[in-house]
Amino acid sequence: MAVILKNCSFITFLFLFQFLSWQIHGFKTPFHPKDVLPLLPRQVSWPILNSLYSAVDIMPTFVGVASIEGNNTLEWKGACFFKNIAWLELHNKSNSQFGGGTLHIKVSNAHSWTCMDLYVFATPYRVTWDYYVLSREHTLEIKEWESQAELEYVKHKGISIFLMQAGMLGTLSALWDVLPLFSNTGWGENSNIGFLKKHMGSSFEKRPLPWVTNLTNTDDIHSGDFLAISKIRGRWGGFETLEKWVSGAYAGHSAVCLRDSEGKLWVGESGNENDKGEDVIALLPWEEWWEFELTKDDSNPHIALLPLHPDLRAKFNETAAWEYAKSMTGMPYGFHNLIFSWIDTIDGNYPSPLDANLVASVMTVWNQLQPAYAANMWNEALNKRLGTKNLSLPDVLVEVEKRGFSFAKLLAIPEQDDWVYSDGKSTSCVAFILEMYKEAGLFGELASSIQVTEFTIKDAYSLKFFENNSSRLPKWCNADDNVKLPFCQIRGKYRMELPGYNSMDLYPHMNERCPSMPPKYYRPQSC
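Residues numbered from 1 in each chain as written. Predicted model: local features only at pLDDT ≥ 70, side-chain atom pairs only at ≥ 80, totals over all residues. Heavy atoms only, no water.

Identification of the protein chain as Inositol-1,4,5-trisphosphate 5-phosphatase from Solanum tuberosum is taken from an unreviewed UniProt entry.

Given below as structure tokens:
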């Protein structure tokens, strides 16, 4: 304990020394407190690192575009070097078909002698990185442009520059925070819980035992009842955590209940993994689905049943719902419109440091690493928005530039329910349910003026579709919990939260222009 206290005092001294140096002398210190943290004992350094950095620090921040020499020179303040300028020089030193270029970056005014700045550089055709520790002019050589299209792009748009604000140390620390989100361990579960508490304000209050409702009698579950699911560990747990953070949803997956003509209970789900490992739309007997969630789903799913309001249940056309569900069975999960339900605005849906420039660069990286996956995730959807066909991601970015509008504006164009992709209509887990609601008559006369592929899971559970009288909930609903939720949590160690639950009426063009900025996720009326 004495050693720890001594080292903590040393850290306090470093911060005081740094502060006084800035305030009194105004000169650069030999080192910065954060730069020496790795030299301290792990039990001292890691708690401090964790307080300084988080998982979101793994994402770079867009600082600007380096244009060709003679145009406006880009200037910005870095994390280490406070004065930086960049410009691009075109040449053909390699005597190649399209020539090459040199990116010049001059860095100065470092805040310490031991810090460094880490950068990512991108065009629609390439992504690379570099780091700088010395105050001088640095160069990044590009021997040859990939094509005439890339050459024309950099002539007019230059090279995008992204700064890792946390530096090398912070980025590694952030990576240490991100990797556990996808770990199928207790460490992974705690990491997801910690992330959601920190960035969304989730509480994760423990429920009293038993954590699973005895559902031997499912007579109180009806067609159209909504299943909100939150996974908090493993591959899907990590993915859902990030999805929740950007969208404001407190659930990451959903399914819907259906009864057939003989009264048998089924579950319709977009995103069910088949025998080939593909995520598809499936209709499963309740017993099979529930058994899987209890015994085989290793993501520790928390599940809530949201019963439809009796008035809506009376309107629910089971025949039409079944016809729709059967027509979609076996179709792929709606990857095409997954990210577009989240992005509704030019700049109001990106938690810092995310922005449309970073999204474009992430897409570029994925396009190079897994082109088939990238095409499935966004290429077709971007072509839909442009009214084009078969353009690659680089071609899409070039076409956007030709038309004189931004990539951010392209991403914000609303998804249309009637768009048909190369593998058919595309519906994510929640879009599949809401399309079924449409077919079953729950949207009434507004059905043609609402695009449910624009809805997130939060948008779905916020609809004023569900039971609002707790006395009509099933007797087994939260029977063992001293806190009576307005819905029925049927599985999970922690009490589920659904802010805004059952509060919003339908209106035309719903959820097409809504911001979603954490941690408050403020939503204007009629967006």
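Asks: What is the right way to look at the environment of A408 in this model?
Replies: Tracing the backbone shows A408 in helix α14 (residues 407–411). Taking relative accessible area as the criterion, A408 reaches 9% and is therefore assigned buried. Spatially, the C-alpha atom of A408 lies 5.1 Å from that of I346, the residues being 62 residues apart in sequence. Excluding residues that lie within four positions of it along the chain, A408 makes contacts with I346 and A356. (Helix = DSSP H or I, 4+ residues; strand = E, 2+ residues; numbered from the N terminus. Buried < 20%, exposed > 50% of the residue type's maximum accessible area, 1.4 Å probe, protein only. Contact = heavy atoms within 4.5 Å.)

Asks: Explain the sheet that holds strand β9 (residues 226–230) to me, please; I cannot follow it from the model alone.
Replies: Hydrogen bonding along the main chain pairs the strands of a sheet, whether they run parallel or antiparallel. Reading across from one edge, β12-β11-β10-β9-β13-β16 is the order of the 6 strands in this open sheet, with antiparallel pairing throughout. Each edge of the open sheet carries a strand with a single partner, namely β12 (279–285) and β16 (488–491). Averaged over all adjacent pairs, the angle separating strand axes in this sheet is 25°, with direction ignored. Alignment of strand β11 (residues 265–273) against β12, held across 7 bridges, turns out to be antiparallel. (Pairing = 2+ DSSP bridges. Axes fitted to C-alpha atoms, helices over the stretch in contact; angles between N-to-C directions.)

Asks: Would you take a moment to explain the packing of helix α10 (residues 318–328) against helix α15 (residues 429–439) for this structure?
Replies: The packing of two helices is summarised by the inter-axis angle and the distance between the axes. Interhelical geometry of α10 versus α15 gives an angle of 140° and a closest axis separation of 8 Å. Judged by the inter-axis angle, α10 sits oblique to α15. Our pair here, α10 against α15, has a crossing hand that is right-handed. Within the contact between the two elements, α10 uses A320, A321, Y324, A325 and M328 and α15 uses F432, E435, M436 and E439. Residue composition of the contact of α10 with α15, grouped by class: 7 nonpolar, no polar and 2 charged. (Parallel < 35°, antiparallel > 145°, perpendicular 65-115°, else oblique. Left-handed = near helix turned anticlockwise from the far one by under 90°. Nonpolar A, V, L, I, M, F, W, Y, C, P; charged D, E, K, R; others polar.)

Asks: How do you make sense of helix α7 (residues 234–247) when you look at a structure like this?
Replies: It helps to recall that an α-helix has 3.6 residues per turn; residues three or four apart then point in one direction. For α7, spanning 14 residues, the distance from its first C-alpha to its last is 20 Å, which sits close to the expected 20 Å at 1.5 Å a residue. Of the positions making up α7, those classed as buried are G234, G237, G238, E240, T241, K244, W245, V246 and S247. Along its buried surface, α7 packs onto α6 (186–200), β9, β10 (253–259) and α16 (457–462). The first or second residue beyond α7 is G248, which carries a positive phi of 85°. (Expected span 1.5 Å × (residues − 1).)

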